[in-house]
Amino acid sequence: MPDDKSERDERRAVVLLSGGMDSAVVLAMAIRQGFAAHALTFRYGQRHAVELEAARTVATALGAVEHLVIDLDLARFGGSALTSADPIPKGGAGAIPATYVPARNAVFLALAASLAEARGARDVFIGVSAVDYSGYPDCRPEFIRAFEAALNLGTRAGATGTPLRVHAPLLELSKADTVRAGLELGIDFGLTRSCYDPDDRGAPCGACDACRLRALGFDGAGASDPVVRLRKPR
């Protein structure tokens, strides 16, 4: 952990960073608010592991004071197309799609809270949205509120009167709003990766739920997605 005792480092936050568009925006938001950001990424057996390198690049580019990549073998549990060889749904995926990873955000937030306590941080940031999203139940505002309450019942921070705060600044933003916010923050979206089913070069498939939502955001914001150029012509 950095030893710098500057005023900026006195306001520490843990930011969950996947390497995708949303988490990059949230990391930039946390830093803009004056937090020394400790980025936390998980190698959990996801098939779209290209996002791990994207997370490293984004953390460096945006100025995180620390970036940890933690190994979790959620593929051993199964139950998700993201951690298995099952087909990735294309062109619409139903209410709760096969790409849902069982209790993923609960697991990630619990570990982020653990890191926050260890680093003396009171704030945890996560890039979930309940507006333009895939229907994952762990992206809903009631889950975020309830999990924050649970954390403060089961941590030293909560028990000693310095409660942890879970921030989800994109929760009520559309994808277009998220793109606009990222552009205002100066984010190079070409560094981010969102696709659930990229090719061997890391190029997006253009048809999975993550690609569809990303395209919706850039189209709605009237902006061009720099990652699209990686796709091979059909």
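Notes on the structure in this doc start here. Just so it is clear, the model here is predicted, and its values are computed rather than measured. (Residues numbered from 1 in each chain as written. Predicted model: local features only at pLDDT ≥ 70, side-chain atom pairs only at ≥ 80, totals over all residues. Heavy atoms only, no water.)

1. Quick word on the state of the cysteines
Link 1 in the chain: Across all of its chains, the model carries zero disulfides by this definition.
Link 2 in the chain: With no disulfide partner, Cys195 has as its closest neighbouring cysteine sulfur the one in Cys211, 3.6 Å distant.
Link 3 in the chain: For Cys211, a relative accessible area of 10% corresponds to the buried category. (Disulfide = S-S within 2.5 Å. Buried < 20%, exposed > 50% of the residue type's maximum accessible area, 1.4 Å probe, protein only.)

2. Let's talk about empty space enclosed by the protein
Link 1 in the chain: Per the counting criterion, the structure on display carries one cavity of 30 Å³ or more.
Link 2 in the chain: Its boundaries defined by the atoms lining it, the largest cavity holds a volume of some 710 Å³.
Link 3 in the chain: Together, 33 residues line the largest cavity, and Ser18, Asp22, Arg104, Gly127 and Tyr196 are the ones closest to its centre.
Link 4 in the chain: Those elements that place two or more of their residues in the lining of the largest cavity are helix H1 (21-32), strand E2 (36-43), helix H3 (104-119) and helix H7 (209-221). (1 Å grid on protein atoms, 1.4 Å probe; cavity = no way out; pocket = protein on both sides within 12 Å on 5 of 7 lines; lining within 4 Å. Points joined across faces, edges and corners; volume = space filled by probe spheres on them. Helix = DSSP H or I, 4+ residues; strand = E, 2+ residues; numbered from the N terminus.)

3. Let's talk about H1
Link 1 in the chain: The first and last C-alpha atoms of H1 sit 17 Å apart over twelve residues, in line with the 16 Å expected at 1.5 Å per residue.
Link 2 in the chain: By the criterion of burial, H1 is predominantly enclosed, with eleven of the twelve residues buried.
Link 3 in the chain: Turning to H1, its buried residues number three or more, namely Met21, Asp22, Ser23, Ala24, Val25, Val26, Leu27, Ala28, Met29, Ala30 and Ile31.
Link 4 in the chain: In the core, the buried residues of H1 are packed alongside strand E1 (12-16), E2, helix H2 (50-62), strand E4 (123-125), helix H6 (175-184) and H7.
Link 5 in the chain: Immediately beyond the C-terminal end of H1, within one or two residues, lies Gly34, with a positive phi of roughly 95°. (Expected span 1.5 Å × (residues − 1). Contact = heavy atoms within 4.5 Å.)

4. Topic: the sheet that holds strand E3 (residues 66-71)
Link 1 in the chain: Across the sheet, which stays open at both edges, the five strands sit in the order E3-E2-E1-E4-E5 with parallel pairing between neighbours. Each edge of the open sheet is held by one strand with a lone partner, namely E3 and strand E5 (165-167). Averaged over neighbouring strand pairs, the angle between their axes works out to 25° when direction is ignored.
Link 2 in the chain: In the sheet, E4 pairs with E5 via three bridges, with the strands oriented parallel. Residue pairing across strands places Asp123 opposite Arg165, the latter belonging to E5.
Link 3 in the chain: Docked against the sheet, H2 engages E2 and E3, running at close to 170° with respect to E2. (Pairing = 2+ DSSP bridges. Axes fitted to C-alpha atoms, helices over the stretch in contact; angles between N-to-C directions.)

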